[in-house]
Structures are given as structure tokens and as C-alpha cells.
Amino acid sequence: MPGIDECLLEAMRLPGARGAAVVDWTSGLALGTAGESASGDHEATAAETAELARIAAEYQSFAPADGSDWSDDDTPVEDMIVSNRDSYHVVHFVRTTFDSSVFLYLWLGRTEGNLALARIRLREMARQLVLG
């Protein structure tokens, strides 16, 4: 089972990967980073991305129609994707045995990357990730 560093190295092997991080969305701290940062500063990118993740995770508007929340067996939000002219920013929430406050973040070049493949691989990485 891979830890944070191995997970980030695997994320950076995805076609079009520019940068990746494992972030605690409650504190906004990067637990690990690889590659480039969209803002030029990994910690600033982690904090800004965590703010978006917090909104998606905490507001009922983004929960499934059945009203499930973090107390269920799965996260209410799976992925969050922000796209711009040249890239995708993909956040995949990680279900953990403690507080599930971690996500995988991938900055993906739009022309070189494959968004569908990235989502599938991030999901697989999240299942295998060992934290702590």
C-alpha cells in the first residue's frame, strides 16, 4: 500500500500532470506535493484548493439527492473539477478511517491530459493510500 510520496509520484506519471498534492481540507495544509504549483507556491495552492473543497463538502447543495453526508460509508462529494482555458484542477476526496478530511489534488494540462483517466486513477490511488 503506497504512502503519500508514492501516491504523488504515481499521480505525476499521468499524461499531462503538472502538479499534485495531498491536502488536509480542514486546515488547508499540504501533506505532500509533487511537480509544479498552479500559483507558484504549493502551500498557497493547497490553502486555496482546500477552501473550495470545504465549500463542496460542507454545503448540502453539493450532496447527493438522497441527502447522504460524511456519516455514511462513502463521501458525499467524490470529485470536484475546475477547468480553465489550459488546464483542469481535479480534487478527489479520500475516505479515511479517522476524519476523512483529506483530498488528492491534481493539476492537469488540458491538451496533454485525459480527464477521464485522471479521475479513474485518482480514485484507485485514494483507495490504496495509506496515511499516518
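Preceding this paragraph is the structure being described.
Numbers given for residues are sequential positions, taken from 1 along each chain in its written order. Only residues with pLDDT of at least 70 are given local features in this predicted model, and only at 80 or more are side-chain atom pairs given and counted; all residues enter the totals for whole chains, interfaces and linings. Derived side-chain values reflect all non-hydrogen atoms in the structure, with water molecules and hydrogen atoms excluded from consideration.

## Looking at the overall build of the chain
Reasoning step 1: Across its full length, the chain carries three helices and five strands.
Reasoning step 2: A run of H or I in DSSP counts as a helix once it spans at least four residues, and a run of E counts as a strand once it spans at least two, with each numbered from the N terminus. Going from the N terminus to the C terminus, the chain shows its helices and strands as α-β-β-α-β-β-β-α.
Reasoning step 3: When a residue's accessible area, from a 1.4 Å probe over protein chains only, is under 20% of the maximum for its type it is buried; when over 50% it is exposed; and in between it is partly exposed. The 132 residues of the chain split such that 47% are buried.
Reasoning step 4: Just so you have it, the chain exposes about 7,000 Å², and 50% of that area is on carbon and sulfur atoms. Note that accessible areas follow from Shrake-Rupley with a 1.4 Å probe, and for residues the cover is restricted to the protein chains shown.

## Considering helix H3 (residues 115-128)
Reasoning step 1: Here, expected helix span is obtained from the residue count minus one, scaled by 1.5 Å. Between its first and last C-alpha, H3 extends 20 Å over 14 residues, near the 20 Å set by a 1.5 Å rise per residue.
Reasoning step 2: Among all positions of H3, only Ala-118, Leu-122, Met-125 and Ala-126 are buried. Projected down its long axis, H3 carries its buried residues within an arc of 100°, all on one side.
Reasoning step 3: Buried residues in H3 make contact with helix H1 (4-12), strand E4 (87-94) and strand E5 (102-109).
Reasoning step 4: A 3.5 Å cut-off defines polar contacts: any pair of N or O atoms within that distance qualifies, except that in protein one atom must be a possible hydrogen donor and the other a possible acceptor, and neighbouring residues in sequence count only when both atoms are side-chain atoms. Taking the backbone nitrogen of Ala-116 as reference, a side-chain oxygen 3.1 Å away marks Asn-114 as the first, capping residue of H3. Note: the arc covers the axis-to-C-beta directions of the helix. Contacts are residue-level and defined by heavy atoms, with any inter-residue pair within 4.5 Å sufficient.

## Let's talk about the sheet that holds E5
Reasoning step 1: Taken in spatial order, the five strands make up an open sheet running E2-E1-E5-E4-E3, and their pairing is antiparallel. A strand with exactly one partner marks an edge of an open sheet, and here the two such strands are strand E2 (29-35) and strand E3 (79-83). Taking each pair of neighbouring strands and ignoring which way they run, the sheet shows an average axis angle of 15°.
Reasoning step 2: For two strands to pair, DSSP has to find at least two bridges joining them. Looking at chain direction, E3 and E4 are connected through five bridges and run antiparallel. The residue of E4 that forms the bridge with Met-80 is Val-91.
Reasoning step 3: Here helix H2 (residues 42-58) sits on the sheet in contact with strand E1 (17-24), E2, E3, E4 and E5, set at roughly 120° to E2. What counts as an axis is a line fitted to C-alpha atoms, over the stretch in contact for a helix, and the angles between N-to-C directions run from 0 to 180 degrees.

## Considering the environment of Phe-103
Reasoning step 1: Residue position: Phe-103 is located in strand E5.
Reasoning step 2: Overall, the relative accessible area of 0% leaves Phe-103 in the buried class.
Reasoning step 3: Separated by 19 residues in the primary sequence, Phe-103 and Leu-122 have C-alpha atoms spaced 9.8 Å apart.
Reasoning step 4: The contact partners of Phe-103, leaving out residues within four places of it in the chain, are Ala-21, Val-22, Val-23, Trp-25, Thr-49, Ala-50, Ala-53, Val-91, His-92, Phe-93 and Val-94.

## A look at the nonpolar core
Reasoning step 1: For this analysis, a nonpolar core means a set of buried residues of the types Ala, Val, Leu, Ile, Met, Phe, Trp, Tyr and Cys, connected via side-chain atoms within 4.5 Å. Among the nonpolar cores identified, the biggest contains 21 residues, and Leu-8, Leu-14, Val-22, Leu-104, Leu-106, Leu-122 and Met-125 are the most heavily contacted of them.
Reasoning step 2: Looking at this core, the elements that each hand over two or more residues are H1, E1, E4, E5 and H3.
Reasoning step 3: For Leu-104, the residues in contact, after removing those within four places along its chain, are Cys-7, Ala-21, Val-22, Val-90, Val-91, His-92, Val-94, Leu-122, Met-125, Ala-126 and Leu-129.
Reasoning step 4: Ala-21, Val-23, Ala-56 and Phe-103 belong to the second largest nonpolar core, which has 16 residues in total.

## Things to note about the pairing of E2
Reasoning step 1: Bridge count between E1 and E2: six bridges; the pairing is antiparallel. Along E2, the bridge assignment pairs Gly-19 with Gly-35.
Reasoning step 2: Following E1, the chain reverses through four residues before pairing antiparallel with E2; Gly-28 in that reversal takes a positive phi of roughly 80°.

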